[in-house]
Amino acid sequence: MMKEIALSAILFSLSMSMMAQNEKGTFSIRPMAGLNIATLNESNGNFCHTKTGVTAGLEFEYGVSRLVGLSIGMMFSQQGAEIDGTTEEHTFNQGIDHLVYSETQGKLRSNYINIPLLVNYYIAPLKGLAVKAGVQLGIRADDRLKCETQTVEANQYQ
């Protein structure tokens, strides 16, 4: 967890572009690339682990004023999770309790096309540094699940 926080802080500081903001009424196109750290939350909490991937695309910005810009982007993003876990299940058949363990390992890979719509507010004394806020539409382009499960009946008792 601490490694992920440190890596996120480093990537955040590297992602702050030092390019000059747009002048009012002008357009700009910026390439964007980065590292994506994704995970999924499973209901029992013990299955999914972090998966890293790449994200890349373009951002188009229109300068509303010297300090404010509107941007829309299109990003390809690799997301998903590493799956590793054990579950146990009790089944009762004719008064006998069957305890079954299942071990699962695999990878879920999901590719998305993300379309962020942002308002960029440039901090005047720090040329090129912007605070960005907005919404993002994510469209799943592709999913692949590779998984192996082994099931073992542990014991039977009445």
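In this text, all values refer to a predicted model and were calculated from it rather than measured experimentally.

## Remarks on the overall build of the protein
Here's step 1: Broken down by element type, the protein carries 1 helix and 6 strands.
Here's step 2: Seen in sequence order, the protein has helices and strands lined up from the N terminus as α-β-β-β-β-β-β.
Here's step 3: By residue count, 27% of the 158 residues in the protein fall in the buried class.
Here's step 4: Taking all contacts inside the protein whose residues are at least 6 apart in sequence as the whole, residues at least 24 apart take part in 65%.
Here's step 5: Accessible surface, the protein as shown: approximately 10800 Å² in total, 60% of it carbon and sulfur.

## With respect to the packing of aromatic side chains
Here's step 1: Per the stated rule, a full pass over the model turns up 1 aromatic pair.
Here's step 2: Seen in terms of ring centroids, Phe27 and Tyr62 are 5.1 Å apart; in terms of plane orientation they differ by 50 degrees. Their pairing is tilted. Of this pair, Phe27 sits in strand β1 (residues 27-38) while Tyr62 sits in strand β3 (residues 51-63), placing them 35 residues apart in sequence.
Here's step 3: Using a relative accessible area of 33% as the deciding quantity, one classes Tyr62 as partly exposed.

## Comments concerning the environment of Leu117
Here's step 1: Of note, Leu117 is situated in strand β5 (residues 96-122).
Here's step 2: Sequence separation between Leu117 and Gly73 is 44 residues; the distance between their C-alpha atoms is 6.8 Å.

## Brief notes about the pattern of salt bridges
Here's step 1: A complete count under the given rule lists 5 salt bridges for this structure.
Here's step 2: The residue Glu59 makes a salt bridge to Arg30 at a minimum N-O spacing of 3.5 Å. Of this pair, Glu59 sits in strand β3 while Arg30 sits in strand β1, and the two are 29 residues apart along the sequence. A single burial state applies to Glu59 and to Arg30, both of which are buried.
Here's step 3: With a closest N to O distance of 3.0 Å, Lys132 and Glu59 form a salt bridge. Residue Lys132 is located in strand β6 (residues 130-157), and its partner Glu59 is located in strand β3; the two are separated by 73 residues in the primary sequence.
Here's step 4: Looking at Lys132, the relative accessible area reads 38%, which means it is partly exposed.

The rules behind the values
Residues numbered from 1 in each chain as written. Predicted model: local features only at pLDDT ≥ 70, side-chain atom pairs only at ≥ 80, totals over all residues. Heavy atoms only, no water. Helix = DSSP H or I, 4+ residues; strand = E, 2+ residues; numbered from the N terminus. Buried < 20%, exposed > 50% of the residue type's maximum accessible area, 1.4 Å probe, protein only. Contact = heavy atoms within 4.5 Å. Areas by Shrake-Rupley, 256 points an atom, 1.4 Å probe, with all protein chains shown as cover. Phe/Tyr/Trp six-rings, centres within 6.5 Å; stacked < 30°, edge-to-face > 60°. Salt bridge = Lys/Arg side-chain N within 4 Å of Asp/Glu carboxyl O.

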